[in-house]
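Residue-level structural notes
In case you want the letters, here they are:
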Amino acid sequence: MAPAKTFRREVHSVVAILLLGAGAGLLLDKPAWGLAFGMGAILSLWSYQLLRVQRWMLDPTVEPPKAGGVWGLFLDNIYAIQRRNREAQLRLESTLDYLQDSLAAMRDAAVIVDPHANVAWANDSADFLLGINFPSDQGQPLLNLINSIDFREYFETDDYSDPLRVLPEGDRGRCLQFEIARFGMGDRLVFARDVTRTFRLEQMRRDFVGNVSHELRTPLTVIKGYIETLQSLEEFSATRFQRPLEQMSQQALRMENLVTDLLWLSRIEAVETLRKTELIDMPTLIVGIVAELQPAFPERRIRLNQESEAAIRGDERELHSALSNLVINALKYSDGDVVLRWWSSENNATFSVNDTGIGIEPHHIARLTERFYRVDKSRSNAGGGTGLGLAIVKHVANSHQADLTIDSTVGVGSCFSLAFPFDAADTL
Ligand code: ADP
């Protein structure tokens, strides 16, 4: 029956009972008593129904007691809501089981951590990779179970946009890569993957490039020496010898630059994850770079706007190399003034280099920091470029947790910025 009709019926019955009570009271010449009796009858009936509801509530999984009128409607509605809730809960539980089964089957370690940073759940791989056993470690603080300063720092930050690599201690240890995702009301899902194989391969590649570059240095020095000797000899002064000798000398110089950059790059890569703790006086470093480069480009003007005294934690040689590379590029790929700026905001201290040169088309920008990527090979070679400059800058940026930004418009110029995390307490 429609709820409105049921309600109307209920009102009619209440009114009927009251009228009946009042009528019976009138017959006995006590209408008020009759009315009170009617009300009492209604109250008793409702109390009885309430008692049945209360009894049923103790075990609401069974069907509700049969009742007519408004009470029947009321009980049916409660029962329907409860059934819907139970179904939703079952669906949720089966989804959770499914998710936990899939996490349990993963080869990566997965640990769910509650808002108090205690272990709530872990899969089997967590035991193997992290030594976290579920259920025996349930409720234990995660940071007591994973013994790594780097992980502690990573876990306690709010920024999980990049994964964390924890390097093996010694030759036999594992290299683990951690990723953390937040979910629910402050819970966290911690993933750990064994990347030892990739790490060792990268290490081998780095060592190989480093060793080859190192081994090439001696033969190169010998070749350069002989070319210089030949160029100075009377017998080779004829033009037909001078041109080839000149080209040999240029190519030997290019090779030397390549070897130097490759060696430097493998050194930076090797120490990329090491903490940089030395406090570097950036204004002085930048002034030094200008003083070194200006004489090499006498017809150009390097303007410097020092707007901050900020010092940052880093490695002086690496920073010198990265900043010089940016300034040299600006000088190489433009004809006008080059403007350098050192300025700080609340969280960053930024070095930027502006030029009014040829600019870079947008589709090249994302690839500029790849090794040997060059927009215009002939132009880069003519300027003595190796294609490794910006790769070096990128690695130095990574090892200093800095962001490299490239803004450029073809025909207008480029702006390369390095934004370092800045702690005001580090001011010299
Ligand atoms: P290279 O040794 O060739 O200069 P880099 O890695 O330093 O190598 O730079 C990669 C490429 O990026 C360059 O070949 C050049 O095409 C482009 N580039 C770098 N800096 C600038 C700049 N300031 N203006 C225009 N193009 C640039």
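Since the model is a prediction, treat every value here as computed from it, not as a measurement. Residues take numbers from 1 onward in each chain, read along the sequence in its written order. Residues qualify for local features only when their pLDDT is at least 70, as the model is predicted, and side-chain atom pairs are given and counted only at 80 or more; totals for whole chains, interfaces and linings, by contrast, use all residues. With hydrogens and water stripped out, all remaining heavy atoms of the structure feed into the side-chain values.

**Looking at helix H7 (residues 196-232)**
- The helix count covers DSSP runs of H or I at least four residues long, the strand count covers runs of E at least two residues long, and both are numbered beginning at the N terminus. In a helix, the anticipated span is given by 1.5 Å times the number of residues less one. With 37 residues, H7 ought to run about 54 Å at 1.5 Å a step, and its terminal C-alpha atoms sit 54 Å apart, in line with that.
- Here the bend at each residue means the angle between axes fitted to two seven-residue stretches, the one ending at that residue and the one beginning there. The largest bend in H7 comes to about 30 degrees, at Arg217, with the proline Pro219 one to four residues further on.
- Residues of H7 that are buried include every one of Thr196, Phe199, Arg206, Val209, Gly210, Ser213, Leu220 and Ile227, and no others.
- In this structure, the buried side of H7 is in contact with strand S3 (164-166), strand S5 (187-194) and helix H8 (239-270). Exposed residues in this analysis have more than 50% of their type's maximum accessible area, buried residues have under 20%, and partly exposed residues fall in between, with area computed by a 1.4 Å probe over protein chains only. Here, residues are in contact when the closest pair of their heavy atoms is within 4.5 Å.

**Comments concerning the side chain of Asp108**
- Topologically, Asp108 is positioned in the loop between helix H3 (69-104) and strand S1 (109-113).
- A distance of 3.0 Å separates the side chain of Asp108 from the side chain of Arg193, its partner in a polar contact.
- Setting aside chain neighbours within four positions, we find Asp108 in contact with Asn123, Ser125, Leu129, Ala192 and Arg193. Pairing of N or O atoms within 3.5 Å defines a polar contact, subject to two protein rules: one partner must be a possible hydrogen donor and the other a possible acceptor, and residues neighboring in sequence count only if both atoms are side-chain atoms.

**Description of the domain arrangement of the chain**
- Splitting the chain by domain gives domain 1 (3-92), domain 2 (106-194), domain 3 (201-270) and domain 4 (279-427).
- Residue ranges assigned to the domains are those given by an automatic or database domain assignment. Computed from C-alpha atoms alone, the centre-to-centre distance between domain 1 and domain 3 is 99 Å.

**Some thoughts on a negative patch on the surface**
- Patch construction takes residues with relative accessible area above 30% that form no salt bridge. Like charges are linked within 9 Å, and nonpolar side chains (Val, Leu, Ile, Met, Phe, Trp, Tyr) are linked within 5 Å. Every accessible area reported is derived by Shrake-Rupley at a probe size of 1.4 Å, with residue values counting cover from the shown protein chains alone. We define a salt bridge as a side-chain nitrogen of Lys or Arg found within 4 Å of a carboxyl oxygen belonging to Asp or Glu. Only four residue types enter the charge count: Lys and Arg as positive, Asp and Glu as negative, with His and the chain ends excluded. A single reference atom marks each charge: NZ on Lys, CZ on Arg, CG on Asp, CD on Glu. Side chains of Glu278, Asp281, Glu309 and Glu316 sit close together on the surface and give a patch of like negative charge.
- Tracing the sequence through the fold places Glu309 in the loop between strand S7 (302-306) and strand S8 (312-313).
- With relative accessibility at 61%, the residue Glu309 sits in the exposed group.

**Description of the sheet that holds S5**
- Only when DSSP finds a minimum of two bridges between them are two strands counted as paired. Across the sheet, which stays open at both edges, the 5 strands sit in the order S2-S1-S5-S4-S3 with antiparallel pairing between neighbours. Sheet topology places strand S2 (119-122) and S3 at the edges, where each strand pairs with a single neighbour. Strand-to-strand twist of the sheet, defined as the mean angle between neighbouring strand axes without regard to direction, takes the value 25 degrees.
- Where S3 lies against strand S4 (residues 176-183), 3 bridges are found, and the strand directions are antiparallel. In the sheet register, Arg165 faces S4, and the bridge partner there is Gln177. Lines fitted to the C-alpha atoms define the axes, with helices restricted to the stretch that makes contact. Angles between their N-to-C directions range from 0 to 180 degrees.

**Looking at a nonpolar patch on the surface**
- Nonpolar side chains collect at one region of the surface, where Phe208, Val212, Leu216 and Met255 lie side by side and expose about 350 Å² of accessible area between them.
- Turning to its location among the elements, Phe208 is positioned in helix H7.

**Some points on the nonpolar core**
- Here, the term nonpolar core denotes a set of buried Ala, Val, Leu, Ile, Met, Phe, Trp, Tyr and Cys residues that are joined through side-chain atoms within 4.5 Å. Of all hydrophobic cores here, the largest spans 48 residues; its most connected members are Met282, Leu323, Val327, Leu340, Trp342, Phe351 and Leu418.
- Elements with a contribution of two residues or more to this core: H8, helix H9 (282-293), helix H10 (316-332), strand S9 (338-344), strand S10 (348-355), helix H13 (389-399), strand S11 (403-409) and strand S12 (413-421).
- Counting residues per element, this core draws most heavily on H10, at 7 residues.
- Counting residues domain by domain, this core receives three or more from each of domain 3 (201-270) and domain 4 (279-427).
- Membership of the second largest hydrophobic core comes to 24 residues, among which are Ala122, Ile146, Tyr160 and Leu164.

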